[in-house]
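# Residue-level structural notes
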Amino acid sequence: MSGISTFNPPVRTLMGPGPSDVSPRVLEALSRPTIGHLDPRFVDMMEELKSMLQYAFMTDNAMTMPVSAPGSAGMETCFANLLEPGYKVIVCQNGVFGGRMKENVIRCGGEAVMVEDEWGKVVDIQKVEDALKAHPDAKVLAFVHAETSTGAQSDAASLCRLAREHGCLSIVDAVTSLGGTPVKVDEWGADAIYSGTQKCLSCVPGLSPVSFSEAALEVIRNRKTPVQSWFLDLNLVMGYWGSGAQRSYHHTAPVNSLYALHEALCILQEEGLEHAWARHEKNHQALKAGLEAMGMHFVVKEGDRLPQLNAVTVPEGVDEAAVRRALLEDFNLEIGAGLGALAGKVWRIGLMGHASNQKNVLLCLSALEAVLSQMKAPIEKGLALDAAMAVYA
């Protein structure tokens, strides 16, 4: 085919809901020589990867590893392994991704009992408790810790506690939270949790870290029916990601992507979890100050917000897609659109991982103000950068 040559992507600043900017160290790790996925040196690296993921998740769970596919496959790994046909699952929905949990329950042959909250609100603990009391035969409670579609952060500790008190396993979506805000698997008592590499870990997309408690593994080992997905069946995957040097072939692992995750986790370990959480929070406060100085409003109330995912309402009369297009074309800056019920109404501004820094906050505020001013949008001009700098001062 004529006319096609090497693809060279533009250099962008990624401040959408993911993927986030990838550290040069991680990109360099990707380029290292490919070796076999059963090579002894690679097996050594797998053990280090598992150890660093345990650190990131704050868990001692032996079954902590990356699924060789994106976060959506991590979600499906949890549901496909823990659910059998006829199981009743309490599913919390306060945005797009709770809806995806419901889809997983249905496709596993289960019954989804929905606990729904308004988009932009956190999961209502009392409503969940009422649902658990009304359905004592429920096997699982599933909820999104960090709802990427709205920027709301629900109370995972209380939800996992409720699940335990009512004899349920918990499935937790931590795709946007891992590495950016506290995720404490053992302290919460979470049974199955999944994340993605392309958010606050600032790795390339395509891997999904997961972790399973011993109680969850016991359920998986004692299933009456086979896991409906051969590829995601942990009874088989454990033979490859289990402990020790003797590993059985399951699939060809994405070797170079795993190098990248290893490097991303090294970076997280070097910074320290608490410092990473504090950095995300500081940059969120600076961005918040600047946006509010412009007269913009957050979807989620203060105290319930994710620092790494900021959903703000589009000013009246503004073509939100035109603004995003101008930011991309004129500033090489990507921010995200709204999803589902919030489509066309909000922007989602990410401050994730490597992208969560002062330079990006100031770039975003100045570029957004420039584009909105040009469009004669009803904003306050000339205040945003000073407001952000006051936070950094």
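Here the structure is shown first, and the text comes after it.
Note that the coordinates shown come from a computational prediction; the quantities given were computed from them, not determined experimentally. (Residues numbered from 1 in each chain as written. Predicted model: local features only at pLDDT ≥ 70, side-chain atom pairs only at ≥ 80, totals over all residues. Heavy atoms only, no water.)

### Quick word on the packing of aromatic side chains
Each aromatic ring pair is summarised here by two numbers: the centre-to-centre distance and the angle between the ring planes. For the structure on display, the rule yields two aromatic pairs. Sitting over the ring of Tyr87, Lys139 keeps its end group 5.1 Å from the ring centre. One residue, Arg305, lies across the ring of Phe298, its end atom 4.2 Å from the ring centre. (Phe/Tyr/Trp six-rings, centres within 6.5 Å; stacked < 30°, edge-to-face > 60°. Lys NZ or Arg CZ within 6 Å of the ring centre and 35° of its normal.)

### Some points on the sheet that holds strand S4 (residues 111-116)
Sheets are built from strands that pair by backbone hydrogen bonding, the pairs being arranged parallel or antiparallel. Spatially, seven strands are ordered S2-S10-S9-S8-S5-S3-S4 in an open sheet, and the strand pairing comes out mixed. What marks the edges here is a single partner per strand, and that holds for strand S2 (63-67) and S4. In this sheet, adjacent strand axes meet at a mean angle of 15 degrees when their direction is disregarded. Across the sheet, helix H4 (residues 96-107) lies against strand S3 (88-93), S4, strand S5 (140-144), strand S8 (169-173) and strand S9 (192-194), angled at about 165 degrees from S3, the strand it touches most. Seen against the sheet, helix H5 (residues 125-134) touches S3, S4 and S5 and runs at an angle of roughly 150 degrees to S4. (Pairing = 2+ DSSP bridges. Helix = DSSP H or I, 4+ residues; strand = E, 2+ residues; numbered from the N terminus. Axes fitted to C-alpha atoms, helices over the stretch in contact; angles between N-to-C directions. Contact = heavy atoms within 4.5 Å.)

### Here's the deal with the pairing of strand S11 (residues 309-313)
With respect to burial, S11 is a largely interior element, four of its five residues being buried. Pairing of S11 with strand S14 (residues 346-350) involves five bridges; the strand directions are antiparallel. Across the sheet, residue Asn310 finds its bridge partner in S14, namely Ile349. (Buried < 20%, exposed > 50% of the residue type's maximum accessible area, 1.4 Å probe, protein only.)

### Observations regarding H5
When we look at burial in H5, the residues that qualify are Val128, Ala131 and Leu132. The buried residues of H5 occupy an angular sector of 100 degrees when the element is viewed end-on, so they sit on one face. Summarising the geometry of H5, the exposed residues directed more than 90 degrees from the buried face are Lys133 and Ala134. Looking at the buried side of H5, the elements it contacts are S3, S4, S5 and helix H6 (156-165). The distance from a side-chain oxygen at the start of H5 to the backbone nitrogen of Gln126 is 2.9 Å, and the residue carrying that oxygen is Asp124. (Arc of directions from axis to C-beta. Polar contact = N/O pair within 3.5 Å; in protein donor to acceptor, adjacent residues only side chain to side chain.)

### Overview of the packing of helix H2 (residues 40-57) against helix H10 (residues 255-271)
Their axes nearest at 10 Å, the elements H2 and H10 cross at an angle of 45 degrees. The orientation of H2 relative to H10 falls into the category oblique. By crossing handedness, the relation of H2 to H10 is classed as left-handed. For the pair H2 and H10, contact is made by Phe42, Met45, Glu48, Leu49, Met52, Leu53, Tyr55 and Ala56 and by Val255, Leu258, Tyr259, Leu261, His262, Leu265, Cys266, Leu268 and Gln269, respectively. (Parallel < 35°, antiparallel > 145°, perpendicular 65-115°, else oblique. Left-handed = near helix turned anticlockwise from the far one by under 90°.)

Without other data, these values stay purely geometric and don't point to any function.
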